[in-house]
Amino acid sequence: CTALNLDCNLTEDTTKTPPLAAVGGYDGAIVIYNPYTGEKLQVLEGPSDVEWLCFHPKGGSVLLAGSVADGTVWMYHIPMKKCMQVFVGHQSGVTAGSFSADGKWALSASQDGTLRVWAPRTGNCRHTFKTGEAGLTCLAIGGGSDGQLVLVGAEDGAAHACHVGTKKIVATLRHFEPPNNQANDDEEMELPMSVEAVGFSPANPNWCATGGVDGVLKIWDLSHDGQCRQVCKRPEEGNATARKAGITRLRWHAALPLVLTASTDGVLRLWDARSGAMLKEITGHSDVINDMDVAFLQPENNGGTIIAATASDDKSARIFEIDVAAALPSQQQ
């Protein structure tokens, strides 16, 4: 797993808030790099089987790390090289997590079917959202007009929008619908139904996206009762003999209605959320992309540049630079 702090309101004093890239693995090590030079800066001891990483949105010097093995979440202060807090309470592995958009809370989604809200200073759980029996796989923050919506994806093909302030589940989105002729529950479990990636649009926080193991990207409008606005598929997805490319991660562009996805075939894809069209494929990995973090340089300038950090089963971590303007159709530039 990977995380960048380039979008975390860094100060001009790089000695206090240096640019950082964090890479975690199932060996329990968390390695901190300089994302521009590739220099290894430090190695943190973490929980076993580190599944995800996330920097604090203000300053980027505090890092969360979640374990899919023991269900714990660790919080580090990078300059001090110190673990500040360990959050304990999940009954199964923690598959995704983040700080809240305002930085006040730590959030974690688990295979036990719950989303938990934690107080960083005390380590106490402030609320538990129970979304159902299916395990949760992914999480996104910053949705809704007040930025308090959190979206979690589940193994049963659903995604749930939870409001941290009101402590309510406000919408359930059905990314995957089982065929009407499904014979029995055993066969249903074999279908590609899990939602593996979710995200809110910064430009329109009532729009969100879900990506699944079925290789489909769906765009939703929460201001219209969770209406599905667009279904995005690769042209070859309709071919029964084509190789499936399940979506593992997604990120919305900071200013435009574009979504970047990472897939099991090792390819990054840029999509137009309004038309559903695939604008660009970015290759480089030879195996599954397990994690992706993204930073945007001058996004207001015709889309600017996307910096994407990825980690793959091909045993490499890569940094991609994507010129957004070059990928857009001429009429959108």
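Right above here is the structure, for reference.
So, a few notes on the structure that sits alongside this text. (Residues numbered from 1 in each chain as written. Predicted model: local features only at pLDDT ≥ 70, side-chain atom pairs only at ≥ 80, totals over all residues. Heavy atoms only, no water.)

Before going further, it helps to spend a moment on the packing of aromatic side chains. The full count for this structure, using the stated rule, is 2 aromatic pairs. Their ring planes at 45° and their centres at 5.5 Å tell us that Phe87 and Trp118 sit as a pair that is tilted. Of the two residues, Phe87 is situated in strand 8 (residues 82–87) and Trp118 in strand 11 (residues 114–118); the sequence distance between them amounts to 31 residues. (Phe/Tyr/Trp six-rings, centres within 6.5 Å; stacked < 30°, edge-to-face > 60°. Helix = DSSP H or I, 4+ residues; strand = E, 2+ residues; numbered from the N terminus.)

A separate point is the state of the cysteines. This model, assessed by the stated rule, comprises 0 disulfides. No disulfide involves Cys208; its nearest neighbouring cysteine sulfur is the one of Cys228, lying 9.5 Å away. This cysteine, Cys232, is not joined by any disulfide, and Cys228 carries the nearest cysteine sulfur, 8.6 Å off. Exposure remark for Cys232: the relative accessible area of 0% places this residue in the buried category. (Disulfide = S-S within 2.5 Å. Buried < 20%, exposed > 50% of the residue type's maximum accessible area, 1.4 Å probe, protein only.)

The next subject is the sheet that holds strand 13 (residues 136–143). Taken together, the 4 strands give an open sheet; going across it, the order is 13-14-15-16, and neighbouring strands pair in antiparallel fashion. Both edges of this open sheet fall to strand 13 and strand 16 (168–174), since each of them pairs with a single strand only. Neighbouring strand axes in the sheet, compared pairwise and without regard to direction, differ in orientation by 20° on average. (Pairing = 2+ DSSP bridges. Axes fitted to C-alpha atoms, helices over the stretch in contact; angles between N-to-C directions.)

Our focus in this paragraph is the nonpolar core. The biggest cluster of nonpolar side chains holds 18 residues, and the ones touching the most others in it are Leu260, Leu268, Val294 and Ile306. For this core, the secondary-structure elements that each account for two or more residues are strand 22 (258–263), strand 23 (268–272), strand 24 (278–282), strand 25 (289–297), strand 26 (305–312), strand 27 (317–323) and helix 2 (324–327). Element by element, the count of residues in this core is highest for strand 25, at 4 residues. In terms of nonpolar packing, the next biggest core, distinct from the first, is built from 15 residues, Ala3, Cys8, Ile30 and Leu53 among them. (Core = buried A, V, L, I, M, F, W, Y, C linked by side-chain atoms within 4.5 Å.)

So, about empty space enclosed by the protein. Evaluation of the coordinates by the stated rule reveals 2 cavities of 30 Å³ or more. Along the walls of the largest cavity sit Ser100, Ala101, Asp102, Leu107, Ile141, Gly142, Gly147, Gln148, Val150 and Val164, which together make up its complete lining. Its residues assigned to classes, the lining of the largest cavity comprises 5 nonpolar, 4 polar and 1 charged. Its boundaries defined by the atoms lining it, the second largest cavity holds a volume of some 40 Å³. Taken together, Gly215, Arg234, Ala245, Ile247, Thr261, Ser263, Arg269 and Trp271 form the lining of the second largest cavity. Where the lining of the second largest cavity is concerned, the elements lending two or more residues are strand 22 and strand 23. Looking at the lining of the second largest cavity residue by residue, the class counts come to 3 nonpolar, 3 polar and 2 charged. (1 Å grid on protein atoms, 1.4 Å probe; cavity = no way out; pocket = protein on both sides within 12 Å on 5 of 7 lines; lining within 4 Å. Points joined across faces, edges and corners; volume = space filled by probe spheres on them. Nonpolar A, V, L, I, M, F, W, Y, C, P; charged D, E, K, R; others polar.)

Time to look at the environment of Val50. The residue Val50 is located in strand 5 (residues 50–55) in this model. Each C-alpha atom, one on Val50 and one on Gly66, is 5.7 Å from the other, the two residues being 16 residues apart in sequence. Contacts of Val50, omitting those with residues within four sequence positions, involve Cys1, Gly24, Gly25, Tyr26, Gly28, Ile30, Ala65 and Gly66. (Contact = heavy atoms within 4.5 Å.)

Take the sheet that holds strand 8 next. The strand order across the open sheet built from 4 strands is 5-6-7-8, with neighbouring strands paired in antiparallel fashion. Looking along the sheet, the strands with just one partner apiece sit at the ends: strand 5 and strand 8. The sheet shows a mean angle of 20° between the axes of neighbouring strands, taken without regard to direction. Bridge count between strand 6 (residues 62–67) and strand 7 (residues 73–77): 5 bridges; the pairing is antiparallel. Following the sheet pairing, Leu63 is matched in strand 7 by Tyr76.

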